[in-house]
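This is what each chain is made of:
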Amino acid sequence: MPKLISYTKGSLIYFENDKDDRIFVLQKGMVVLTSSDVETGEPVVEYAREGEFFGVKSAFGRFPREETATVVVDSQVIAMSVAEFEQLFSSNKQIIMKMLRVFSNQLRAIHKRSEQILGNYEGVNTQVGMLSVAQCFSDDEQYRACCDICLKFLKLYPDSPEKGTIARLYADAKGRLDRMIARNNRMGGEQVIMPTGSGGFYLPGFERFVKTFEPGSVIISEYEPGETFYLIQSGSIQLVKCVNGVRKNLDILQPGEFFGEMAILENSPRSATCVAVDKVEVLEFNKANFEALITGNPQMALILLKLFCKRIYDQKRRLKILVITDPQSRIANIFMMFDEMNPNVSPLDKSRKFNLTISDLSHWSGLPGDVVRDEVNKFVEKNRIEVYDTHIIVNNIMDMKRVAEMKRVEDIRRERGAVL
């Protein structure tokens, strides 16, 4: 049962980095939430007022608290577990939709800050942006994806000034794709069969919303308007961003996960391209039935809330890496991030294997490939890591943690010295 707790002025409800799976509602009084800005380190102050929730993201995401909660005046709060929140509020349309929009705005803001650091397109016209994405896939010899994006563009913007350029790009990519298919057929007529995504996730009664995509097909393109969102039933989806003409793989989504929901909630262009890794079956929904789906299926709303909490935490973790100026510390922190995301089943085993390549390290760190190779070689020379074609072994994860923390402290000292 939820508990009513009284706090006196100046009391601490929880500290930053505490592990606490409770969700709070302020019944009476005022609570201040203090944290540090990821980029500047400056204090960030927010207030929870009567009737408002706090502590939701860390409870849902099962990660340490991001802020310290301090009582400003004598206050009363209701504390509840995640299970109790689900039982009490999962059917409350107003609360659920408000939380989804708040979390969506937070995630979008973190995305924008990361893109600014990476030098991604800032304020690009959506048509120019889609053209750049199509060209990026063509340059990477992903001709099926390039064709799909070109066709989406021509359907969306039939009178665009870029129409001729897109049409030529499509014709070139289609010709190359047809020749690749013909060449494969001449070599025995065998088709490459992609592995099927793990498991499945099916909702009874939603058969009319089912859509199927073949391997390599683009489901949504970065920069296109957000009119639909999707729930994966089977297969897997690769999230991709094109940064300064280079294709960056962000994440792979599995059955039971949503994608495309941010554009629906915010009425904004797509922030990434979603490509079918294998044969994919999804449920496609539009803006009109979004709220009906979420509020009519409480379990779906909770899945989406938890997904937002996880994505916000993951993106903040990456942003923390991008603002580190020392390149060796950035790379060490990437290893620590993947260690946190995939905890070792045996705490006594200090060696960790990560499915990372030099290219992956370059992507996650935002550093040029030659800089990453130089820093990786330094780790290799000190016998801290072993590098293979498909993976990297960290010989002692605790030693890597010390490197990450030591370099970060040095970074902070340099910044403070420059200010003084």
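Throughout what follows, the structure given in this document is the object of discussion. From a predicted model like this one, the values you see are computed outputs, not experimental measurements.

1. Description of the overall build of the protein
Turning to step 1, where the next piece is worked out: Counting its secondary structure elements, the protein contains 13 helices and 17 strands.
Turning to step 2, where the next piece is worked out: For 420 residues, the compact-globule estimate of 2.2 N^0.38 gives 22 Å, and the protein sits close to it at 24 Å.
Turning to step 3, where the next piece is worked out: Structurally, the protein occupies a C-alpha span of about 75 × 60 × 45 Å along its principal axes.
Turning to step 4, where the next piece is worked out: When burial is assessed residue by residue, the protein has 47% of its 420 residues classed as buried.
Turning to step 5, where the next piece is worked out: For the protein, the proportion of contacts with a sequence separation of at least 24, taken over those separated by at least 6, is 75%.

2. Some thoughts on the side chain of R311
Turning to step 1, where the next piece is worked out: Residue position: R311 is located in helix 9 (residues 298–322).
Turning to step 2, where the next piece is worked out: A residue is classified by how much of its surface remains accessible, and R311, at 18% relative accessible area, is buried.
Turning to step 3, where the next piece is worked out: Every residue in contact with R311, bar those within four places of it in the chain, is listed here: L107, L253, F258 and E261.

3. A few points about the sheet that holds strand 13 (residues 273–276)
Turning to step 1, where the next piece is worked out: The sheet built from 4 strands is open, its strands ordered 8-13-10-11 with antiparallel pairing. If you trace the sheet from one side to the other, it starts and ends with strand 8 (218–220) and strand 11 (246–253), each paired once. Strand-to-strand twist in this sheet, taken as the mean axis angle between neighbours without regard to direction, amounts to 35 degrees.
Turning to step 2, where the next piece is worked out: Pairing geometry for strand 10 (residues 237–243) and strand 11, over 7 bridges, is antiparallel. What sits directly across from V240, in strand 11, is N249.

4. Description of helix 5 (residues 143–156)
Turning to step 1, where the next piece is worked out: Here helix 5 is 14 residues long and its end C-alpha atoms lie 20 Å apart, about the 20 Å a rise of 1.5 Å per residue gives.
Turning to step 2, where the next piece is worked out: Turning to helix 5, its buried residues number three or more, namely Y143, A145, C146, C147, I149, C150 and F153.
Turning to step 3, where the next piece is worked out: Structurally, helix 5 contributes buried residues whose contacts are with helix 4 (126–139), helix 6 (163–186) and strand 8.

5. Overview of the pairing of strand 6 (residues 68–80)
Turning to step 1, where the next piece is worked out: In this sheet, strand 6 lies alongside strand 1 (residues 3–7) in antiparallel orientation, the contact comprising 5 bridges. Looking across to strand 6, one finds that Y7 is bridged to S75.
Turning to step 2, where the next piece is worked out: Sheet topology places strand 2 (residues 12–14) next to strand 6; 2 bridges connect them, and they run antiparallel. Paired with L12 across the bridge in strand 6 is T70.
Turning to step 3, where the next piece is worked out: In this structure, strand 3 (residues 23–36) lies alongside strand 6, joined through 10 bridges in antiparallel fashion. Paired with I23 across the two strands is M80, which belongs to strand 6.

Cut-offs and rules
In this numbering scheme, every chain counts its residues from 1 along its sequence in written order. Since the coordinates come from a predicted model, pLDDT governs what is reported: local features require at least 70, and pairs of side-chain atoms require 80 or more to be given and counted, while whole-chain, interface and lining totals use all residues. Excluded from the side-chain calculation are hydrogens and water; included are all heavy atoms of the structure. Elements are defined by DSSP. Helices are runs of H or I of four residues or more, strands are runs of E of two residues or more, and each kind is numbered from the N terminus. Radius of gyration here is computed from C-alpha atoms only, and the compact-globule reference equals 2.2 Å multiplied by the residue count raised to the power 0.38. The rule is simple: take the accessible area with a 1.4 Å probe, protein chains only, and divide by the maximum for that residue type; under 20% is buried, over 50% is exposed, in between is partly exposed. Residue contacts are counted whenever heavy atoms from the two residues lie within 4.5 Å of one another. Should DSSP find at least two bridges between two strands, the strands are regarded as paired. The angle between two axes is taken between their N-to-C directions and runs from 0 to 180 degrees, where each axis is a line fitted to C-alpha atoms and a helix contributes only its stretch in contact. Expected span, for any helix, means 1.5 Å times one less than how many residues it has.

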